[in-house]
Amino acid sequence: MLELVGKAVPPPSGKGHALPSWGGSAADLDDLVGGEQVEQKPGPDAKKPRREETASAVLPSQPADTSPEAAMAASVSDAASAADGVDEIIAAAPRLAQHIASVKKFNKVAAMVYSLFERGRVTPDNASAVFSVLRAGLSNPRACRARELAVAYRRLYTAACARDALFSPAERQAIDVWNLGVLTQMDLVTDDTFQFAAAVRRVKARLEMFPCIYPALEPEGSKHLPVAERRLWVGALFDCIDAAAGQHKYAWARTSVDVLIKAAVERRQNFSEEQQSDIQRWNAMCKGQKIVRQQQAARERSAKDLTSFERKEKEWREADISTNGGGGDAGGIDKWHANN
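These lines cover the structure that appears in this document, whether it is placed above or below. Counting restarts for each chain, with residues numbered from 1 along the sequence as it is written. pLDDT decides what is reported in this predicted model: residues at 70 or higher carry local features, side-chain atom pairs at 80 or more are listed and counted, and totals for whole chains, interfaces and linings draw on all residues regardless. As a rule here, side-chain values come from all non-hydrogen atoms in the structure, and water together with hydrogens is ignored.

**Some details on the overall build of the chain**
Helix and strand counts for the chain stand at 14 helices and 0 strands. In this text, helices come from DSSP runs of H or I with a minimum length of four residues, and strands from runs of E with a minimum of two, each type numbered from the N-terminal end. Ordered by position from N to C terminus, the α and β elements of the chain give α-α-α-α-α-α-α-α-α-α-α-α-α-α. Buried residues are those whose accessible area, probed at 1.4 Å on protein chains only, stays under 20% of the maximum for their type, while exposed residues exceed 50% and partly exposed ones sit between those limits. By residue count, 33% of the 340 residues in the chain fall in the buried class. Carbon and sulfur atoms form 54% of the exposed surface of the chain, whose accessible area is close to 21,400 Å². A 1.4 Å probe and the Shrake-Rupley method give the accessible areas. Residues count as covered only by the protein chains that appear here.

Next comes the structure, spelled out in structure tokens:
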């Protein structure tokens, strides 16, 4: 099982709106499509509906049959489906994957898939189908930063990381990457100083598993990932560095961001040319801000090191002194001495 990082997501309470859940019914999936249907207005050449169709449309809907016979028939149908080897989750996975890629539907579909994890419906037999839905949910790997999607992202992918044993070895490796690329990336978009610093340390630790551009920059005792595994992590690492760089505008985040950007610059050859360009731009930003801070600190230190006489002398030299009681030329202490 993976070691989960970031904030824990509390289970949903009974107050407020209940989370959408899915028990394997196709009707629940049909609800996802209903929101996008647009009412079609009949054109001038449209045919009138038949009298039979009009009559059937106005007839009241029949109540669902809740008799014991109907329940028995449903049980027999479910048993027959199970006997035929039909898994509703596997059958529904393509539709769920299509809908979870939509920003407007993500929260609802993520809650449905989360309910499958919580109810124990995800098994090694259908875990690959669920994995395809999880992968589709990351078609935009930075969407997890959006405030309106953050809770659903954290809940769903925390549940997947906690149950990684259900998946194949290759899928577990991808989920390990998501642990960083989703959960840690979300921890970097925060105003919590300690959470941010901890997330930066996790990203830097993974980044240090990549070789430096110059061997002399390598930390002592460093161990690198195999070449075949590095490409799996590059995208997640870059997204995390991008999220951290966005926090550089805050004074409490600058030191951590400077350290992370420096580590990325030293390993820039592992990224694409476009990503290297962004890393160099962030590095220039960090260096520029660092020079400004150093100059400000030097000015403050210089003012603090002056004696009381030197501070007063500096004040007098910068002041305008007049000796004619309100008129005449202004001047500093040197002119005052010359006039006296």
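**A look at helix H4 (residues 88–100)**
Expected helix span is computed as 1.5 Å times (number of residues minus one). Counted at 1.5 Å a residue, the expected span for H4 with its 13 residues is 18 Å, and the 17 Å between its end C-alpha atoms agrees. The seven residues ending at a residue and the seven starting there each receive a fitted axis; the angle between those axes is the bend at that residue. Considering bend angle alone, the principal kink of H4 is centred on Pro-94 and spans about 40°. Taken as a whole, H4 has its buried residues at Ile-89, Ala-92, Ala-93, Leu-96, Ala-97, His-99 and Ile-100. N or O atoms within 3.5 Å of each other form a polar contact, as long as, within protein, one can give a hydrogen and the other can take it, and as long as residues adjacent in sequence are counted only when both atoms are side-chain atoms. Its side-chain oxygen 2.8 Å from the backbone nitrogen of Ile-89, Asp-87 forms the N-cap of H4.

**Quick notes on the pattern of salt bridges**
The salt bridge criterion pairs a side-chain nitrogen of Lys or Arg with a carboxyl oxygen of Asp or Glu, the two atoms within 4 Å. A complete count under the given rule lists 10 salt bridges for this structure. Here Glu-118 makes a salt bridge to Arg-163, at a shortest N to O gap of 2.9 Å. With Glu-118 in helix H5 (residues 103–118) and Arg-163 in the loop between helix H7 (147–162) and helix H8 (169–188), the pair connects residues that are 45 residues apart, well separated along the chain. With a relative accessible area of 46%, Glu-118 lands in the partly exposed category. Judged by relative accessible area, which is 24%, Arg-163 ranks as partly exposed. Salt bridges linked by common partners bring Arg-142, Arg-145, Asp-239 and Asp-242 together as one network.

**Overview of the packing of aromatic side chains**
Between two aromatic rings, the relevant description is the distance of the centres plus the angle of the planes. Side-chain rings of Phe, Tyr and Trp (the six-membered ring for Trp) are treated as a pair once their centres are within 6.5 Å; stacked means planes under 30 degrees apart, edge-to-face means over 60, and tilted covers the remaining angles. What the rule picks out here adds up to 9 aromatic pairs. Between the aromatic rings of Tyr-157 and Trp-178, the centroid separation amounts to 5.9 Å while the plane-to-plane angle is 90°, which identifies the pairing as edge-to-face. Taken as a pair, Tyr-157 in helix H7 and Trp-178 in helix H8 lie far apart in primary sequence, 21 residues in all. Judged by its relative accessible area of 1%, Tyr-157 falls in the buried class. Residue Trp-178 is classed as buried on the basis of its relative accessible area of 11%. Grouped by ring-pair contacts, the aromatic residues Phe-106, Phe-131, Tyr-153, Tyr-157, Phe-167 and Trp-178 constitute a single cluster. Sitting over a ring, as applied to charges here, requires NZ of Lys or CZ of Arg to be within 6 Å of the ring centre and within 35 degrees of the ring normal. Positioned above the aromatic ring of Tyr-114, the side-chain terminus of Arg-155 is 5.6 Å from the ring centre.

**Comments concerning the nonpolar core**
With 40 residues, the main nonpolar core has Phe-117, Leu-134, Tyr-153, Leu-156, Tyr-157 and Val-182 as its most contacted residues. Contributing elements (two or more residues each) for this core: H4, H5, helix H6 (127–136), H7 and H8. Looking at this core, the element that brings in the most residues is H7, giving 9 residues. Contacts were defined at the residue level, with two residues in contact if any of their heavy atoms lie within 4.5 Å. In contact with Tyr-157, other than residues within four places in its own chain, are Phe-106, Leu-134, Gly-137, Leu-138, Trp-178, Val-182 and Leu-183. We call a set of buried Ala, Val, Leu, Ile, Met, Phe, Trp, Tyr and Cys residues a nonpolar core when their side-chain atoms join them within 4.5 Å. Counting 31 residues, the second largest nonpolar core, distinct from the first, contains Leu-180, Phe-210, Leu-225 and Trp-282.

**A short note on the packing of H8 against helix H10 (residues 227–245)**
Between H8 and H10, the shortest axis-to-axis distance is 8 Å and the interhelical angle comes to 5°. Overall, the two elements H8 and H10 adopt an arrangement that is roughly parallel. Taken together, the residues of H10 that come into contact with H8 (itself represented by Gln-173, Asp-176, Val-177, Leu-180, Gly-181, Gln-185 and Leu-188) are Glu-229, Leu-232, Trp-233, Ala-236, Leu-237, Asp-239, Cys-240, Ala-243 and Ala-244. Amino acids outside the nonpolar list (Ala, Val, Leu, Ile, Met, Phe, Trp, Tyr, Cys, Pro) and the charged list (Asp, Glu, Lys, Arg) are all regarded as polar, and Gly is one of them. Of the residues assigned to the contact of H8 with H10, the class counts are 10 nonpolar, 3 polar and 3 charged. For helices, the fitted axis covers only the stretch in contact; all axes are lines through C-alpha atoms, and the angles between them, taken along N-to-C directions, range from 0 to 180 degrees. Each angle is binned into one of four classes, with values under 35 degrees roughly parallel, values over 145 roughly antiparallel, values of 65 to 115 roughly perpendicular, and all other values oblique.

Note that every value here comes from positions in space, so none of it alone points to a role or purpose.
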